[in-house]
Each structure stands twice: as structure tokens, then as C-alpha cells.
Amino acid sequence: QIQSIIDRPLHDHKVPGLGILTMDERDQWAHFRSMLKAHDAQNRTALDAIDSALLVVCLDSSVPQGWNERSQALLHGSTSNLSNRWFDKFQVISDPSGTLGVNFEHSYADGLAWNRWLAEVWYSMQGIESPEGWSPLPR
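Everything quoted here is computed from the prediction, not taken from an experiment.

Before we move on, can you summarise the overall build of the protein with the specific residues and values?
Across its full length, the protein carries five helices and three strands. Written out in order from the N terminus, the α and β elements of the protein read α-α-α-β-α-β-β-α. In the protein, which comprises 139 residues, the share counted as buried stands at 22%. Within the protein, contacts between residues at least 6 apart in sequence are counted, and of these 51% link residues at least 24 apart. As displayed, the protein has an accessible area near 9,900 Å², and 58% of this comes from carbon and sulfur atoms.

Pasting the structure below:
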């Protein structure tokens, strides 16, 4: 499914995507969100689907140049990818070079739990067993 998204032609985003509203002040975003859901059943269905997801995957179309640009892209997005963020959710962000990063709003989840998840993913991707005592399940 991800490959089909990657293969889609890029659209000229003269109008920012809906995700940019998640950057707004909480009460303002809640107001816009309520209006969108009340206005249209398709909006309500789409927002409910996003709400029920554990995380969102953000596929950036450009590779940041240098650590400063990469940090900006992961922390708050850049002008080229603001439409590709959803700040209400845990975001796994990838660029064409294969670099991964994460961004999440901290009020609903402790960073330690996500850090642990990332460590487990990293060990699994390397084909290495997690250090003893790390496994959440008995071996």
C-alpha cells in the first residue's frame, strides 16, 4: 500500500493540506475539526479513520540538506512538507534517502515508551536481538 502512495504523481500543492490545521492552537483546531465533521459525512469518516490509527506515516518527497534542515523537517516540517504532517498523532517521517524520524505531541504519551518502541524497531531492522531484559514478552 505504501508503494502505491509513493508511485502516485505529486500534486502541485497551492493549497495546504488539512494537516496544517493540526498546528493551530488547540481550541481553534477543535473548532475547525467540529465544523468539518458536521459539514460532511466523508470528512467525518476520514477524521474518524485518522483518530483510530496508532500512528501516521509521513512520506516526504525531498531529502533535507544537512542536519539543521533535517531537524527542522522532523520537528515542525518545512514549507515543502507542512501538508504532510498530522500533529495530533504519532508521526513516523521518512524521506527518499530512507532516513526515518518521529514527531509526536507529548501530552498524551510518554516519550520513554516511544523511545523503547523505536529501539525495538531498530534492533529488529538490524536483525539483532534486543538486549536481555528488554523484551516485553517472555522468550
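Moving on from the model shown.
So what's going on with the packing of aromatic side chains? Residues and values would help.
To describe a pair of aromatic rings, one takes the distance between the centres and the angle between the planes. Inspection of every chain in the model, using the stated rule, returns three aromatic pairs. Centroid distance Trp29 to Trp86: 5.8 Å. Interplanar angle 80°. Geometry classified as edge-to-face. Taken as a pair, Trp29 in helix H2 (residues 26-39) and Trp86 in the loop between helix H4 (66-75) and strand E2 (90-94) lie far apart in primary sequence, 57 residues in all. Note on accessibility: Trp29 and Trp86 belong to one class, buried. When the ring of Trp122 is compared with that of Tyr123, the centres are 5.2 Å apart and the planes differ by 75°; the resulting orientation is edge-to-face. Trp122 sits in the partly exposed class, given a relative accessible area of 45%.

Explain the pattern of salt bridges residue by residue, including any values.
Within this structure, the stated rule accounts for four salt bridges. For Arg33, the salt bridge identified is with Asp51, shortest N-O distance 2.2 Å. Of the two residues, Arg33 is situated in helix H2 and Asp51 in helix H3 (residues 41-52); the sequence distance between them amounts to 18 residues. The exposure class of Arg33 is buried, given its relative accessible area of 14%. Judged by relative accessible area, which is 38%, Asp51 ranks as partly exposed. For Asp48, the salt bridge goes to Lys37, with nearest N and O atoms at 2.9 Å. Residue Asp48 is located in helix H3, and its partner Lys37 is located in helix H2; the two are separated by eleven residues in the primary sequence. Classification of Asp48 by relative accessible area gives partly exposed; the value is 37%. A relative accessible area of 22% places Lys37 in the partly exposed class.

Account for the sheet that holds E2, naming residues and giving values.
Ordered in space as E1-E2-E3, the three strands form an open sheet in which the pairing is mixed. Two strands bound the open sheet, and with one partner strand each, they are strand E1 (55-59) and strand E3 (100-103). Strand-to-strand, the axes of this sheet are offset by a mean angle of 25°, without reference to chain direction.

Give me the lowdown on the nonpolar core, citing residues and values where you can.
If you look at the biggest cluster of nonpolar residues, it comprises six residues: Trp29, Leu47, Val56, Cys58, Trp86 and Ile93. In contact with Trp86, other than residues within four places in its own chain, are Leu18, Gly19, Thr22, Trp29, Leu47, Ile50, Val56 and Gln91.

Describe the side chain of Asn103, naming the residues involved and giving the relevant values.
With respect to the helices and strands, Asn103 occurs in strand E3. Among the polar contacts made by the side chain of Asn103, one reaches the main-chain carbonyl oxygen of Leu75 at a distance of 2.5 Å. Residues in contact with Asn103, not counting those within four places in the same chain, are Leu74, Leu75, His76, Phe87, Lys89, Phe90, Gln91 and Ile93.

Rules behind the numbers
- Residue positions are counted from 1 within each chain, in the order its sequence is given.
- In keeping with the model being predicted, local features are shown solely for residues with a pLDDT of at least 70 and side-chain atom pairs are shown and tallied solely at 80 or more, while totals for entire chains, interfaces and linings include all residues.
- Heavy atoms from the whole structure form the basis of all side-chain values; hydrogens and water molecules are not counted.
- Strands here mean DSSP runs of E at least two residues long; helices mean DSSP runs of H or I at least four residues long; both are numbered from the N terminus.
- Per-residue accessibility, obtained with a 1.4 Å probe over protein chains only, is compared with the maximum for each type, and a residue is labelled buried under 20%, exposed over 50%, and partly exposed between these values.
- Whether two residues are in contact is decided by their heavy atoms: any pair within 4.5 Å suffices.
- Exposure was quantified through the Shrake-Rupley algorithm and a 1.4 Å probe, taking into account, for residues, occlusion by the shown protein chains and nothing else.
- Whether two aromatic rings pair depends on their centres lying within 6.5 Å, for rings of Phe, Tyr and Trp, where Trp uses its six-membered ring; planes under 30 degrees apart make the pair stacked, over 60 edge-to-face, and the rest tilted.
- The salt bridge criterion pairs a side-chain nitrogen of Lys or Arg with a carboxyl oxygen of Asp or Glu, the two atoms within 4 Å.
- Strands are labelled as partners when DSSP assigns at least two bridges between them.
- Axis geometry follows a simple rule: fit a line to the C-alpha atoms, using only the stretch in contact for helices, then measure angles between N-to-C directions, giving values from 0 to 180 degrees.
- Residues belong to one nonpolar core when they are buried, are Ala, Val, Leu, Ile, Met, Phe, Trp, Tyr or Cys, and are joined through side-chain atoms within 4.5 Å.
- Here a polar contact is taken to be a pair of N or O atoms separated by no more than 3.5 Å, where protein atoms must pair a possible hydrogen donor with a possible acceptor and residues adjacent in sequence count only if both atoms sit in side chains.

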